[in-house]
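Residues per chain are reported as follows:
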Amino acid sequence: MKPILSIIIPCYNAAVTLEETLQSIFVQDFQKWEAIIVNDGSTDYTEDIALQWVKNDSRFHYFSKPNEGLGKTRNYGITRAQGKYILPLDADNLVMPDFAKNAVAILEVQNVIDVVHGNALFIGEKTGVWNIGAYNIEKMLLDNYIDACAIFRKSTWEQVGGYEENLPYDGLEDWDLWLAFGTIQAKFYFIDSITFQYRVSKNSMIKKFTAEMKLASRSYIAKKYSDLYQFQYCKFVREHDNLASKLTNKRFVLNAFCKTFFGFSILKSTK
């Protein structure tokens, strides 16, 4: 049976958490999946754990390659995926049992939707709910706020050329992909519920990000999407100038005040 969903799990020295991550896949309500485990040059016993799952369930597939970084490793897995939908899952995170079922149902019915994502529950050294919210291109240009654990169409990933493989440092591949999706006006669907568990630990990749590393990667992204940044900046200036012009009009200010506090306008607008 050909899978509908391909779950991509890049691994680098993930032996401590990989078992729990793969178990979260196994107990999914949605069962038409394959899990592609890509060992990115681990030096621990990551391979032993992966091969045990491959032995027990044919839906698990294992690949091993030299260490090349997160972008190349995700792309390596996705190019081998048979499913039309992709779920990238870090080897220390857990997917909720109903996420795949709910997301695939949305994508199957709504052809205009490219990505389905939701909120997260922090585990490990941090607790609480990560309220992610809907995709907004202006907000995304400032910084990434949507994790990789989202389900998207493989065709959309192909359209933008996959994950960026040349960032100065690993860690911002998700941000780059979401901006790439924004450039083609991909449609995001936000599920306002917990769809995965996000592990926070001192060994997390993002925890090792120094200010210099973050600046280098952010500069790379800013140059890559300079046209998008320029367009949004010009849009902001036009809207700001338009609002400033309106605020000099006493009629507009009075109507805005009444509309805000009383729910109605008292003067007819003039052109």
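Scroll up for the structure.
These numbers come from a predicted model, not from an experiment.

## Brief notes about the overall build of the protein
Part 1 of the argument: Helix and strand content of the protein: 10 helices and nine strands.
Part 2 of the argument: Counting across all 271 residues of the protein, residues that qualify as buried make up 46%.
Part 3 of the argument: For the protein, the accessible surface area stands at approximately 14,400 Å², while carbon and sulfur atoms represent 54% of it.

## Quick word on helix α3 (residues 70–79)
Part 1 of the argument: Judged by how many residues are buried, α3 sits mostly within the fold: seven of 10 residues are covered.
Part 2 of the argument: Along α3, the residues classified as buried are Leu70, Gly71, Thr73, Arg74, Asn75, Gly77 and Ile78.

## Quick word on the pattern of salt bridges
Opposite charge on two side chains permits them to pair, given that their charged atoms come into close proximity.
Part 1 of the argument: Scanning all chains against the criterion turns up 12 salt bridges.
Part 2 of the argument: Measuring nitrogen to oxygen at the nearest pair gives 3.3 Å for the salt bridge that ties aspartate 143 to arginine 218. In this pair, aspartate 143 sits in the loop between α5 (137–142) and β8 (151–153) while arginine 218 sits in helix α8 (residues 211–224), placing the two residues 75 residues apart along the sequence.
Part 3 of the argument: In this structure aspartate 143 comes out as partly exposed when scored by relative accessible area, which is 30%.
Part 4 of the argument: According to the relative accessible area criterion, arginine 218 is partly exposed, its value standing at 27%.
Part 5 of the argument: The shortest N-O distance in the salt bridge between glutamate 164 and lysine 224 comes to 2.6 Å.

## So, the nonpolar core
Part 1 of the argument: Leu5, Ile9, Ile25, Ile151, Phe152, Trp178 and Leu179 are the most contacted members of the largest nonpolar core, which totals 73 residues.
Part 2 of the argument: When residues no more than four places from it in sequence are discounted, the contact partners of isoleucine 151 are Leu5, Tyr85, Ile86, Leu87, Phe99, Ala100, Ala103, Leu107, Asp114, Val115 and Val116.

## Some thoughts on helix α2 (residues 46–56)
Part 1 of the argument: Of all the positions in α2, only Thr46, Ile49, Ala50 and Trp53 are classed as buried. For α2, the angular spread of buried residues about the axis comes to 95 degrees, placing them on one side. Exposed residues lying more than 90 degrees from the buried face of α2 are Asp48 and Lys55.
Part 2 of the argument: Its buried side turned inward, α2 meets β1 (5–11), α1 (15–26), β2 (33–40) and β3 (60–65).

## Some details on the pairing of β1
Part 1 of the argument: Among the seven residues of β1, seven are classified as buried, and the element is accordingly described as predominantly covered.
Part 2 of the argument: Side chains of β1 alternate between two faces, with Leu5, Ile7, Ile9 and Cys11 and Ser6, Ile8 and Pro10 buried alike.
Part 3 of the argument: Two strands pair when backbone bridges link them, and β1 and β2 are joined in this way by seven bridges, in the parallel orientation. Across the sheet, residue cysteine 11 finds its bridge partner in β2, namely asparagine 39.
Part 4 of the argument: Chirality of the crossover, the property in question, places the unit of β1, α1 and β2 among those that are right-handed.

## Quick notes on the layout of surface pockets
Part 1 of the argument: Taken as a whole, the second largest pocket spans an internal volume of roughly 220 Å³.
Part 2 of the argument: Considering the residues around the second largest pocket, the lining is formed by Tyr135, Ile137, Gly182, Thr183, Gln185, Ala186, Lys187, Phe188, Leu228 and Gln232.
Part 3 of the argument: Those elements that provide at least two residues to the lining of the second largest pocket are α7 (173–183) and α9 (226–247).
Part 4 of the argument: The residue inventory of the lining of the second largest pocket, partitioned by class, reads five nonpolar, four polar and one charged.

## Describing the pairing of β2
Part 1 of the argument: With eight of its eight residues buried, β2 lies for the most part within the structure.
Part 2 of the argument: Neither face of β2 is left uncovered, since the one carrying Trp33, Ala35, Ile37 and Asn39 and the one carrying Glu34, Ile36, Val38 and Asp40 both have all their residues buried.
Part 3 of the argument: Pairing between β2 and β3: six bridges, direction parallel. Residue pairing across strands places isoleucine 37 opposite tyrosine 62, the latter belonging to β3.
Part 4 of the argument: Considered for its hand, the β-α-β crossover made up of β2, α2 and β3 is right-handed.

## Examining the side chain of aspartate 114
Part 1 of the argument: You can see aspartate 114 is positioned in the loop between α4 (99–109) and β6 (115–124).
Part 2 of the argument: Arginine 153 provides the closest opposite charge to the buried, salt-bridge-free aspartate 114, at an N-O distance of 4.6 Å.
Part 3 of the argument: A polar side-chain atom of aspartate 114 sits 2.8 Å from the main-chain amide nitrogen of lysine 187.
Part 4 of the argument: Look past the residues within four positions of aspartate 114 in its chain and what remains in contact with it is Leu107, Ile151, Phe152, Arg153, Thr156, Ala186 and Lys187.

Calculation rules
- Residues numbered from 1 in each chain as written.
- Predicted model: local features only at pLDDT ≥ 70, side-chain atom pairs only at ≥ 80, totals over all residues.
- Heavy atoms only, no water.
- Helix = DSSP H or I, 4+ residues; strand = E, 2+ residues; numbered from the N terminus.
- Buried < 20%, exposed > 50% of the residue type's maximum accessible area, 1.4 Å probe, protein only.
- Areas by Shrake-Rupley, 256 points an atom, 1.4 Å probe, with all protein chains shown as cover.
- Salt bridge = Lys/Arg side-chain N within 4 Å of Asp/Glu carboxyl O.
- Core = buried A, V, L, I, M, F, W, Y, C linked by side-chain atoms within 4.5 Å.
- Contact = heavy atoms within 4.5 Å.
- Arc of directions from axis to C-beta.
- Pairing = 2+ DSSP bridges.
- Right-handed = clockwise from strand over helix to strand, strands pointing away.
- 1 Å grid on protein atoms, 1.4 Å probe; cavity = no way out; pocket = protein on both sides within 12 Å on 5 of 7 lines; lining within 4 Å.
- Points joined across faces, edges and corners; volume = space filled by probe spheres on them.
- Nonpolar A, V, L, I, M, F, W, Y, C, P; charged D, E, K, R; others polar.
- Lys, Arg positive; Asp, Glu negative; His and termini not counted.
- Polar contact = N/O pair within 3.5 Å; in protein donor to acceptor, adjacent residues only side chain to side chain.

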